[in-house]
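# Residue-level structural notes
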Amino acid sequence: MNYGLATWTPSIFVSEFHIPIGDALRYGAIGSIPIFLTPILLGATIDRFGRRPFAIGVAILATWGRAARVLMPWDVTMLIVVLTIAGGFGTGVYAIILWPYSSEVFPTSVRALALGVSSSLARAASSLTPILV
């Protein structure tokens with residue numbers, strides 16, 4: 001979902017919300033910026049507070065952002081953009097938190113196979129979906 005959202009957000013902004021393509025690309029880029037800063041923030045704070053509060057908080061943020069976007073009127077452009085960015089940020093942070101957690105829970109052989117396959121499939125899906133659709 002994380003890669004799909006990042007890849008398709010500008011197209012969805014244009015096709016569904018009728019945002020001009022220049023603005024849609026700008027909003028998509030702005031939505032990607034927090035994900036670059038998130039590992040720094042998490043690295044500085046996650047050991048102090050633990051993963052659980054962050055995981056719960058961003059899961060709520062992602063769910064709220066996605067659900068609220070569906071319920072909002074589609075003519076409020078900035079609200080749609082903010083909710084999309086909030087949902088994408090929540091999903092991205094959650095993914096960052098799950099990677100190290102999986103290394104603590106599963107044995108190395110299982111983890112290596114599962115993470116390698118799922119990571120490859122996620123990237124393949126984000127690359128092939130625009131071609132297939």
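None of these values were measured; they are calculated from a predicted model.

### Concerning the overall build of the protein chain
Within the protein chain, the regular secondary structure consists of 5 helices and 0 strands. Taken from N to C terminus, the helices and strands of the protein chain fall in the order α-α-α-α-α. Structurally, the protein chain occupies a C-alpha span of about 50 × 35 × 25 Å along its principal axes. A buried classification covers 28% of the 133 residues belonging to the protein chain. A sequence separation of at least 24 residues applies to 66% of the contacts in the protein chain between residues at least 6 apart. As displayed, the protein chain offers around 8500 Å² of accessible surface, 73% of which is attributable to carbon and sulfur atoms. Positive and negative side-chain charges of the protein chain, numbering 8 and 5 respectively, have mean locations separated by a distance of 10 Å.

### A short note on the pattern of salt bridges
Evaluated as defined, the whole model comprises 1 salt bridge. The closest approach of N and O atoms between Asp23 and Arg26, which form a salt bridge, is 2.6 Å. Here the residue Asp23 and the residue Arg26 both occupy positions in helix α2 (residues 21-49), the gap between them amounting to 3 residues, near one helical turn. On the accessibility criterion, Asp23 (26% relative accessible area) is partly exposed.

### Looking at the environment of Ala29
Position of Ala29 relative to the elements: it lies in helix α2. Sequence separation of Ala29 and Ile46 is 17 residues, and the distance between their C-alpha atoms is 26 Å.

### Points about the packing of helix α4 (residues 77-105) against helix α5 (residues 108-132)
Where α4 meets α5, the axes come as close as 10 Å, and the angle between the chain directions of the two elements is 155°. Between α4 and α5, the crossing angle belongs to the class labelled roughly antiparallel. Of α5, the residues touching α4 (which contributes Trp99, Ser102 and Ser103) are Arg111, Leu115 and Ser119. Per-class residue counts for the contact of α4 with α5 are 2 nonpolar, 3 polar and 1 charged.

### Focus: the nonpolar core
With 7 residues, the main nonpolar core is built from Phe13, Phe17, Ile19, Ala24, Tyr27, Ile80 and Val81. Elements supplying a minimum of two residues to this core: α1 (2-17), α2 and α4. Setting aside chain neighbours within four positions, we find Val81 in contact with Phe13, Ile19 and Tyr27. If you look at the next biggest cluster of nonpolar residues, it comprises 6 residues, including Leu42, Ala55, Val58 and Val93.

Each value, and the rule that gives it
- Residues numbered from 1 in each chain as written.
- Predicted model: local features only at pLDDT ≥ 70, side-chain atom pairs only at ≥ 80, totals over all residues.
- Heavy atoms only, no water.
- Helix = DSSP H or I, 4+ residues; strand = E, 2+ residues; numbered from the N terminus.
- Buried < 20%, exposed > 50% of the residue type's maximum accessible area, 1.4 Å probe, protein only.
- Contact = heavy atoms within 4.5 Å.
- Areas by Shrake-Rupley, 256 points an atom, 1.4 Å probe, with all protein chains shown as cover.
- Lys, Arg positive; Asp, Glu negative; His and termini not counted.
- Charge placed at Lys NZ, Arg CZ, Asp CG, Glu CD.
- Salt bridge = Lys/Arg side-chain N within 4 Å of Asp/Glu carboxyl O.
- Axes fitted to C-alpha atoms, helices over the stretch in contact; angles between N-to-C directions.
- Parallel < 35°, antiparallel > 145°, perpendicular 65-115°, else oblique.
- Nonpolar A, V, L, I, M, F, W, Y, C, P; charged D, E, K, R; others polar.
- Core = buried A, V, L, I, M, F, W, Y, C linked by side-chain atoms within 4.5 Å.

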